[in-house]
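A structural walkthrough
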Amino acid sequence: MASLSSDEWRAICDKFTNAQNLTEVESRNDPENDPFRSKYKARELLREIYCSLKSFEVSEGEEDGGGESGDPRPAEQPVDGQREDGFGQGFSGDSPAGLRAAKLGAVEYYLGVNHVDTEELSAGQEHLMNCMKLLGRCSVSSENVSLFIHVRNQLGILWAGRDETETAQGFLETAESIYQHYMKEDGSPPTDMTEYFTTEEKLLTHQERTKRFELAYTHTMYYLAQVYKNLGQTERAATYCHSTLQRQLQLNQFNPMEWALNAATLSQYYITKGRYMEGRHCLSAATVISGLAGEVPSEAAAQESETENERREQLRQKRAEIARCWIKYCLNLLQDAKKLLEDNIGELDTDRQDELKRARRGEEEEEEKGRKSALLFGSEDTFDSIASLEEKVRCLFPLDFTEARAVFLVGQNYVTQAKEYFQMDGYVTDHIEILQDHSALFRALAFFEEDLERRCKMHKRRVDMLEPICTDLNAQYYLMIRRQLMFELAETYSEMMDLKLTLANRQADTQSLDSHTIKKFNHLCSASAKYFQMFLDSLCSPEGKVPEHLEEEVLRPALVARFRVARLHSRLISSSPSVQLDNLNRSLENYKYVVQYCETHPEAATTVETELELSKEMVGLLPLKINRLKARMAANN
């Protein structure tokens, strides 16, 4: 740019600074009826800069990089992932032609972002592709590598927003490749795009250049995490998300609550994969980092200031959501341990328990090795706090009641925290889901409890928790939730009934059950049958007609409920032959329903194979038992 005087260059730099200020600062105060006022002003300044740059003398031998900004250009879309990444091609990035292309490309980039921000996506895409076209004539160097990555990041976002995920993937993966190649081949702090329009005395330090460049690559990784998630590549998405979070901490470029919620969300992926050490680490980091956001404003402060009210609401909600992630961690850890330890009838396999305890030392050593090789979050300020929190909850499977109870108590503490925000008044669904998780924590803990009386009391806590909600909930608005609660209550009463009978049988044989025990057993049996029947009634039409065809989502639950009702009626204890007969007939009726439904709907048979086999057997046996009872009744009469 041979004819550029220092005054003209300073004027361009001032215009660029003003455009940046309008975009990043002034635009926040734009009125609602003119939301893009500052960005439109910034656009005009950027166009003026572009025209000034184009009007300067072109170095000898350099071809024009395109028409005036806004002129029609070829709109061919390269699949960026299939192109060369710009190393060793075109003219040098630090040559006059290369620098001119970079400056024009930067203005095209900023115009592209401006149009995207003002919701003019096609125009934004055109400017971003003009930038790509200008850079396509240059090799990657420290002078332009930042722009190479930024423009691909923006195109990745643009195409992802249109649900063109694979196109976005191409741009972003090329940006990643450019970064990795540059760091391997050069690695020096590259020129930031803002420095193309900065006077020499205002150039950035090497440290600030590095920070901005690393932040651009962090954004690449963040967007790739979203892309891989949308493509169903969950493991790859989790890896990129984890690296993004770590880089944000290292660069000290994060919003504490947003970071914490992302880390807590990532923990849920690790939990589903049984990677409890990583899950615990994410949650511990989330809790510590969320603390950096400060104290929750008091109610009094929130009433006096709208800003404080919003901050109070946001902090309380996000911390409650992190607490819910902790609940899931504790619940899944207990449930997975239960699967590992249970025998074929769902009871604790003591031989397996002893075997796992003997292997425990090796597991602890592996955990320590794994921790050393894992990508850990934290800085000097937060690392110790995160490690300290991790020590308060185990990541190895609990193998006995004492270990299980320790996990349970952590989960229960987070239930209390979550319920403080997600209260029944205003957050019905969330509140009930937390109660269901609390109930599930009790159920998982009960598995480890050897004392059957105490186990029964744990199930009673579940009933006391869920029954009032189920009774009070509006059936019209919360039908699906009520069905879930009915089914869980039915199963809980059934578990309590089995425990009471086992206890009674330990004290005496069935023939000599006392009247109190029989009354208690029948109460639990009837309560279980009642809730299974309520579930079945909820599937009927308003006129009470049983559906001829069961929808897929309720098929198994409905047939299982029928089977369980049949079984429960046959187990009720009564000294009255007529009551016995009535119970057996109701039992037979429900067993027949399961068999007949599966005959008319053969596809249903695979969902209830065990229940169907037993139902067929009972349909054959019960009539004989009923006839014998009838004969005895007739003889007595």
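Residues numbered from 1 in each chain as written. Predicted model: local features only at pLDDT ≥ 70, side-chain atom pairs only at ≥ 80, totals over all residues. Heavy atoms only, no water.

**Topic: the confidence of the model for the protein chain**
Per-residue confidence for the protein chain averages 90 on the pLDDT scale, and 91% of its residues sit at or above 70. Counting contacts from residues 57-77, a segment whose pLDDT is below 50, to residues more than four positions away or on other chains yields 40 contacts. (pLDDT = per-residue confidence, 0-100. Contact = heavy atoms within 4.5 Å.)

**Topic: the nonpolar core**
Residues Y329 and L559 are the most contacted members of the largest nonpolar core, which totals 126 residues. Per element, the largest residue contribution to this core is 14 residues, and it comes from helix α12 (residues 306-341). Look past the residues within four positions of L559 in its chain and what remains in contact with it is L550, Y593, V594, Y597, C598, A604, T607 and V608. In this structure, F197, F213, A225 and Y240 belong to the second largest nonpolar core, which totals 56 residues. (Core = buried A, V, L, I, M, F, W, Y, C linked by side-chain atoms within 4.5 Å. Buried < 20%, exposed > 50% of the residue type's maximum accessible area, 1.4 Å probe, protein only. Helix = DSSP H or I, 4+ residues; strand = E, 2+ residues; numbered from the N terminus.)

**Section: the UniProt feature "coiled-coil region" (unreviewed entry) in the protein chain**
On the UniProt side, "coiled-coil region" (unreviewed entry) is annotated at positions that read residues 298-351 here. Across residues 298-351 one finds 81% helix and 0% strand; the C-alpha atoms that close the span lie 54 Å apart. (UniProt positions renumbered as here; feature names shortened; annotations may be inferred.)

**Concerning the pattern of salt bridges**
Tallied over the entire structure, the rule returns 29 salt bridges. For E208, the salt bridge goes to R212, with nearest N and O atoms at 3.1 Å. Highlighted residues: E208 and R212, both in helix α7 (residues 206-230), separated by four residues, approximately one helical turn. Relative accessible area serves as the criterion here: at 28%, E208 is assigned to the partly exposed category. In this structure, R454 and E449 form a salt bridge, with 3.4 Å as the shortest nitrogen-oxygen distance. (Salt bridge = Lys/Arg side-chain N within 4 Å of Asp/Glu carboxyl O.)

**With respect to helix α16 (residues 401-421)**
An ideal rise of 1.5 Å per residue puts 30 Å on 21 residues; α16 measures up with 31 Å between its terminal C-alpha atoms. All of the buried residues in α16 are F401, E403, A404, V407, F408, V410, G411, Q412, Y414, V415, A418 and Y421. Two or three places before T402, at the opening of α16, D400 has a side-chain oxygen 3.3 Å from that residue's backbone nitrogen. (Expected span 1.5 Å × (residues − 1). Polar contact = N/O pair within 3.5 Å; in protein donor to acceptor, adjacent residues only side chain to side chain.)

**A short note on the packing of helix α20 (residues 515-537) against helix α21 (residues 552-571)**
Taken N-terminus to C-terminus, the directions of α20 and α21 make an angle of 155 degrees; their axes are 9 Å apart at the nearest point. If you check the angle between α20 and α21, you find them roughly antiparallel. At the point where α20 passes α21, the crossing takes the left-handed sense. When α20 is examined against α21, the residues F521, C525, S528, A529, F532, Q533, F535 and L536 are found in contact with a partner set consisting of P557, A558, A561, R562, R564, V565, L568 and R571. Partitioned by chemical class, the residues of the contact of α20 with α21 number 11 nonpolar, two polar and three charged. (Axes fitted to C-alpha atoms, helices over the stretch in contact; angles between N-to-C directions. Parallel < 35°, antiparallel > 145°, perpendicular 65-115°, else oblique. Left-handed = near helix turned anticlockwise from the far one by under 90°. Nonpolar A, V, L, I, M, F, W, Y, C, P; charged D, E, K, R; others polar.)

**Considerations on helix α3 (residues 96-117)**
Over its 22 residues, α3 extends 32 Å from the first C-alpha to the last, a length consistent with the 32 Å expected when each residue adds 1.5 Å. Among the 22 residues of α3, 18 are classified as buried, and the element is accordingly described as predominantly covered.

**Regarding the environment of L612**
Within the fold, L612 resides in helix α23 (residues 609-636). Sequence separation of L612 and K500 is 112 residues, and the distance between their C-alpha atoms is 27 Å. In contact with L612, not counting residues within four places along its chain, are V594, V595, C598 and A605.

**Side note on the packing of helix α1 (residues 6-24) against helix α2 (residues 37-55)**
Contact pair α1 / α2: the axes reach a minimum separation of 8 Å and the direction vectors enclose 155 degrees. By the criterion of interaxial angle, the relationship of α1 to α2 is roughly antiparallel. Where α1 crosses over α2, the two elements pack in a sense that is left-handed. Residue-level inspection shows W9, I12, K15, F16, N18, A19, L22 and T23 of α1 in contact with α2, the latter providing S38, K39, K41, A42, L45, L46, E48, I49, S52 and L53.

**A few points about the packing of aromatic side chains**
On inspection of all chains with the given rule, the structure shows 28 aromatic pairs. Consider the rings of Y196 and F197, whose centres lie 6.4 Å apart with planes at 90 degrees: the pair is edge-to-face. A residue is classified by how much of its surface remains accessible, and Y196, at 4% relative accessible area, is buried. Members of the aromatic cluster, connected to one another through ring pairs, are W9, F16, Y109, Y110, Y196 and F197. When the ring centre of W159 is taken as reference, the NZ or CZ atom of R162 above it lies at 4.8 Å. Above the plane of the ring of F422 lies R324, whose end atom (NZ or CZ) is 5.3 Å from the centre. (Phe/Tyr/Trp six-rings, centres within 6.5 Å; stacked < 30°, edge-to-face > 60°. Lys NZ or Arg CZ within 6 Å of the ring centre and 35° of its normal.)

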